[in-house]
Amino acid sequence: LQDENNPAVPYQIRSKAMERFEAGQYTEALNLYRILLKRGFEIPGTLCHVARVHLMTGNESEARKSVAKAWRLRKQALPYVVPRILF
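Everything numeric here is computed off the predicted structure, so don't read it as measured data. (Residues numbered from 1 in each chain as written. Predicted model: local features only at pLDDT ≥ 70, side-chain atom pairs only at ≥ 80, totals over all residues. Heavy atoms only, no water.)

### A word on the packing of aromatic side chains
Part 1 of the argument: For the coordinates displayed, the defined rule picks out two aromatic pairs.
Part 2 of the argument: Here the aromatic rings of Tyr11 and Phe41 are separated by 5.0 Å at their centres, their planes lie at 85°, and the arrangement is edge-to-face. With Tyr11 in helix α1 (residues 9-22) and Phe41 in the loop between α2 (26-38) and α3 (43-56), this pair connects stretches of sequence that are 30 residues apart.
Part 3 of the argument: Judged by its relative accessible area of 42%, Tyr11 is partly exposed.
Part 4 of the argument: The class of Phe41 is buried, set by a relative accessible area of 11%. (Phe/Tyr/Trp six-rings, centres within 6.5 Å; stacked < 30°, edge-to-face > 60°. Helix = DSSP H or I, 4+ residues; strand = E, 2+ residues; numbered from the N terminus. Buried < 20%, exposed > 50% of the residue type's maximum accessible area, 1.4 Å probe, protein only.)

Okay, here's the thing in structure tokens:
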């Protein structure tokens, strides 16, 4: 994760976030997803991941906000992300 210009770095961060999520380390996962959002990485898809973390931590209102924002930005999403936003 050290070479900020390496195009693989965001994917590595997302992978680490998923590992944290699967381990129940929701705060750590959320922090990594926030890094991706700050960098503008696949925002609609990342917002779906953020929503899932919020649901797991009982923060339904924040999850709804993340989903609503992802929906507003759906034109930026990769095709497979739009059904994920709806789900």
